[in-house]
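Next come the chains, spelled out residue by residue.
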Amino acid sequence: MTEKPREENMQELIVTPETQSEPMPGAAFEPAIVAFVCNWCTYTAADLAGTSRMVQSPNVRLVRMMCTGMVDPKYIIKALLGGADAVLISGCHPGDCHYINGNYKARRRVKLLMEILPRFGIDSRRIKLTWVGASEGNEFAATVNRFTAEIKELGPIDTRRLPLL
Amino acid sequence: MPSRIGVYVCHCGTNIAGRVDSEGVARFASGLKNVAVARDYKFMCSDPGQDMIIKDIREMGLTRVVVASCSPRLHEKTFQKTCQRGGLNPFLFQMTCIREHCSWVVADPAEATAKAKTLVAGAVSRVNEHEELYSRVEAVHPDVLVVGGGIAGIQAALDIARSGHKVHLVERGPSIGGHMTQFDKTFPTLDCAACISTPKMVAVAQEPNINLMTMSEVVEVKGYVGNYTARIRTRPRYINEDRCTGCGLCMEKCPKSVPSEFEEGLGKRKAVHRNSPQSVPNTPVIDAASCIYLVKGKCGACKQNCPSEAIDFEQQESFLDVQVGTIVLATGFDILDPTALSQYGFGRYPEVYTGLQFERLNNAVGPTGGKILMKNGQPPESVAIIHCVGSRDKAHHEYCSRVCCMYALKYDHLIKDKIGHQARVFNFYIDMRCFGKGYEEFYRRVQEEAVSFIRGRPSEVTDQARSAEEEGKLIVVAEDTLLGRPVRVAVDMVVLCTAMQARHDASEVARVFGISQGQDGFFLEEHPKLGPVSTATDGIFLAGTCQGPKDIPDAVAHASGGAGQALSLAARGEVSISPTVSWINPDICIGCKMCVGLCAYSAIEFDERRKVCVINEAMCKGCGSCAGHCPSGAAQVRHFNEKQIFAELEGLSLRVQPVRQPAGADAT
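About the thresholds
Residues numbered from 1 in each chain as written. Chains lettered and ligands numbered in written order. Predicted model: local features only at pLDDT ≥ 70, side-chain atom pairs only at ≥ 80, totals over all residues. Helix = DSSP H or I, 4+ residues; strand = E, 2+ residues; numbered from the N terminus. Rg over C-alpha atoms; globule rule 2.2 N^0.38 Å. Buried ≥ 20, exposed ≤ 12 C-beta atoms within 10 Å, placed from the backbone. Pairing = 2+ DSSP bridges. Axes fitted to C-alpha atoms, helices over the stretch in contact; angles between N-to-C directions. Contact = placed C-beta atoms within 7 Å. Nonpolar A, V, L, I, M, F, W, Y, C, P; charged D, E, K, R; others polar. pLDDT = per-residue confidence, 0-100. Expected span 1.5 Å × (residues − 1). Right-handed = clockwise from strand over helix to strand, strands pointing away. Domains from an automatic or database assignment. Parallel < 35°, antiparallel > 145°, perpendicular 65-115°, else oblique. Left-handed = near helix turned anticlockwise from the far one by under 90°.

### A short note on the overall build of chain B
So, step 1. Each helix and strand in chain B was counted, giving 18 helices and 34 strands.
So, step 2. The globule rule puts the C-alpha radius of gyration for 668 residues at 26 Å, and the 33 Å found for chain B is more than 25% above it.
So, step 3. With respect to the three principal axes, the spread of C-alpha positions in chain B is 100 × 65 × 45 Å.
So, step 4. Among the 668 residues that make up chain B, the fraction classed as buried is 49%.

This is the structure in structure tokens:
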């Protein structure tokens, strides 16, 4: 990483009183989950889940990428350090990549990252890589709900207590 | 100067506003950093909605626009054009989806509104980092290169040439026509292959817009969509095409005979030869490997006897560079060599033939003059036809070759037709796949001609007789899987329906043209369903069996599709190249070349002088494989760069608490 992530002040970004970085005391844990999804398969599946009105937990926010192959591992790390409790990466099924083989590249990177992150105190279950094809709206909704439930079980990430980061 | 952002939140009637408090989202957005104005409206995509954005851009001097409405896959283009009409670069715009991903799928209104606010915060944060980008428009050269002169290449070349565009048709062999000229009849109509293919071949020769280059191969392709330069190598024919009248005297006088490739080794040809009198071009070719003069420097019988002095032993290999805008590949297929399936005895027993050899036995200009004869000159009394030789077989090709069932049925009919009804025919099949127009009807017709169908893949073909009736015959040993018992069928002749496979040099061709191969070795199409003729490389299209096994109607249809795609680019004359491609910052790049190997489109080159990698923007598709991996962070995809993603993450990671209305309050 040659360029340090810009430490932009959250308070400067947001001036509306209704946001707060800490959950209200006593409120049930609602994880913030960032999902990097590819434009051609999973983003389309999310659209399909929407048009089919498949109810999902609201915790997952999508970042539209052109291909999972462009998801730099530092995006995942940045999301986790920036307040997300978990990161989902989802693209086309193996062999269906719009860009020939970008999803295979993503698979290798995510696998390596999942091996490295636990050494820094981040549970590898906070990262998930799935394949959801454009026609699989139901699969997308199920993935979102399943992953949210898993992270709720796991509890909030506490980046301040990570030993090395 | 900080950006001035306009945020527009759509109600989409009640589609969004029914669940999400659009007004509240707009109010929230107006408090975000750099937001100059935030509005909500019933239908943002309607004319008044778009006019509102244009008016704000002009009057309030907005430098960025965010629209929160439906999926960007639906209306991103609409709003980009709106920005453009307002005088703003379309890439200074970000759209976020609060309908499909929010109002339609989140049950609780308070939670849906909170999620919508988070999504808007992400988009606002991201749009700050957007940069102006401009699509490039490149001219498309009107000429088209068609590689391969089989039936698919012929069809593509004729389609393109008849629209008025010039075509360079490159064929490796001495004549166009391809495998189809080797066939006798075609299924299921049983019309003769030559009768329907030779008029097309002649049409190619007579078409003024086609520059036919036989004995030629493309050795190098440079450039990108609309502007390709192809280097074509032409091997010497040793006969001057302009002088030769095609009289055939040279072939009569040539003293040297060798096995003929066109006859699949069943017949002989001279060192100077042509496939058939219908060959296009009609000029014979001298085979340098077998010609006595070219090998030993003596003979010259053809030269002495040629009445038009067309023989020219001094001809040399030549190279030609052609400029084209698009390329259609129609390089065809190879037949699997069944020697590897030693259990079937091909090459060991003389009466075991491949399908293509059996075609030649049936062909009127073939080695037997169209009679089905064994090597001893007698017609066979019984024939076994073994389907799926090398197809649907994990040891060879997992795929189905798609044509064998049908040509096996054609052979069944031809045997009954030519030898007589007493001839017995046994088909050993796995499944009969008769899926095309008129195919099932043909299957039924052949069944009614008293042909035997045995469901089972034979384990071997042997000459080891176990009874007096089997003596001197070939015995096909199989399990009849419908009766569940082993069978031994003694026959005079065995025909192997060998698999269609990718050309032996397909990987070399793929490398030259910068396209990819599927797992089966055939060229990979852009999309198996919606892009079956285009490749991942813009401006290069596929036609016929180089993409996968096809029968003649499918190959011709595929070729016309490829021609149509090539023409739509050529006819328009220009191509717009998206600016959302990768860029490698030369100040940061360390020249490790990791990205060069990762790029699936061969779009990255290493600049030896500056020692950095450089993206060819015309070839880059913007997939970001390089950006995702670049260890120094030099490679970035425009419109999806690190700053933009980081900024979006900052907004998305906010925890916006759902604001619940007190019970009984009016929820608006």
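Still more ground to cover, so stick around.
### Some thoughts on the sheet that holds strand E17 (residues 318–324) of chain B
All names here are of chain B.
So, step 1. Taking strand neighbours across the sheet as the criterion, the three strands line up as E11-E12-E17 in an open arrangement whose pairing is antiparallel. With partners counted over all chains shown, the strands left at the sheet margins are strand E11 (216–224) and E17, one partner each. When strand polarity is set aside, the average angle formed by the axes of neighbouring strands in this sheet is 20°.
So, step 2. The pairing of strand E12 (residues 227–234) with E17 spans seven bridges and is classified as antiparallel. When the sheet's bridge partners are listed, threonine 234 is paired in E17 with serine 318.

### As for the interface of chain A and chain B
So, step 1. If you look at the interface, chain A gives 53 residues, while chain B gives 52 residues.
So, step 2. Of all the secondary structure elements, the ones that give two or more residues to the side of chain A that touches chain B are helix H1 (10–13), helix H2 (42–51), strand E2 (60–65), helix H3 (73–81) and helix H4 (102–116) of chain A.
So, step 3. Here the side of chain A that touches chain B is built from residues that sort into 26 nonpolar, 14 polar and 13 charged.

### Description of the confidence of the model for chain A
So, step 1. In this model, chain A carries an average pLDDT of 84, and 81% of its residues clear a pLDDT of 70 or more.
So, step 2. With pLDDT under 50 throughout, residues 1–17 of chain A is counted as low confidence; its partners more than four residues away or in other chains account for 25 contacts.

### Considerations on helix H6 (residues 151–162) of chain B
Because an α-helix packs 3.6 residues into every turn, residues spaced three or four apart end up facing the same way.
Residues and elements named next belong to chain B.
So, step 1. A rise of 1.5 Å per residue sets the reference length of H6, with its twelve residues, at 16 Å; its end C-alpha atoms lie 16 Å apart and thus fit the reference within 8%.
So, step 2. The element H6 is largely enclosed, with a buried count of eleven among its twelve residues.
So, step 3. Listed in full, the buried residues belonging to H6 are Ile151, Ala152, Gly153, Ile154, Gln155, Ala156, Ala157, Leu158, Asp159, Ile160 and Ala161.
So, step 4. Glycine 164 sits one or two residues past H6 and shows a positive phi near 105°.

### Thoughts on the pairing of strand E6 (residues 144–147) of chain B
All names here are of chain B.
So, step 1. In E6, alternate side chains face the same way, and those of Val144 and Val146 on one face and Leu145 and Val147 on the other are all buried.
So, step 2. Pairing analysis gives four bridges linking E6 to strand E7 (residues 167–170), with the strands arranged parallel. Residue pairing for E7: valine 147 is matched across the bridge by valine 170.
So, step 3. In this fold, E6 hands off to H6, which returns the chain to E7; that crossover is right-handed.
So, step 4. Both E6 and strand E18 (residues 326–329) contribute to a ladder of four bridges, which runs parallel. Pairing of valine 146 across the sheet is with valine 328, part of E18.

### Quick notes on the domain arrangement of chain B
Residues and elements named next belong to chain B.
So, step 1. Split into domains, chain B comes out as domain 1 (5–133), domain 2 (144–226 + 323–332 + 503–572), domain 3 (236–316), domain 4 (335–501) and domain 5 (582–638).
So, step 2. Each of domain 3 and domain 4 has a C-alpha centre, and the two are 35 Å apart.
So, step 3. Contacts between the two partners involve five residues from domain 3 and, on the opposite side, seven residues from domain 4.
So, step 4. Considered class by class, the residues forming the side of domain 3 that touches domain 4 number one nonpolar, two polar and two charged.

### Notes on the packing of helix H5 (residues 109–127) of chain B against helix H18 (residues 642–652) of chain B
Residue and element names in this part refer to chain B.
So, step 1. Their axes nearest at 7 Å, the elements H5 and H18 cross at an angle of 150°. Classified by the angle between their axes, H5 and H18 sit roughly antiparallel to one another. Considering only the axes of H5 and H18, their crossing is right-handed. Contacts between H5 and H18 involve Thr118, Ala121, Gly122, Val124, Ser125 and Arg126 from the first element and Gln644, Ala647, Glu648, Glu650, Gly651 and Leu652 from the second.
So, step 2. Tallied by class, the residues present in the contact of H5 with H18 amount to four nonpolar, five polar and three charged.

### Quick look at helix H12 (residues 404–419) of chain B
Residue and element names in this part refer to chain B.
So, step 1. The first and last C-alpha atoms of H12 sit 21 Å apart over 16 residues, in line with the 22 Å expected at 1.5 Å per residue.
So, step 2. Among all positions in H12, only Cys404, Cys405, Met406, Tyr407, Ala408, Leu409, Lys410, Tyr411, Asp412, His413, Leu414 and Ile415 are buried.
So, step 3. Following H12 by one or two positions, glycine 420 has its phi on the positive side, about 125°.

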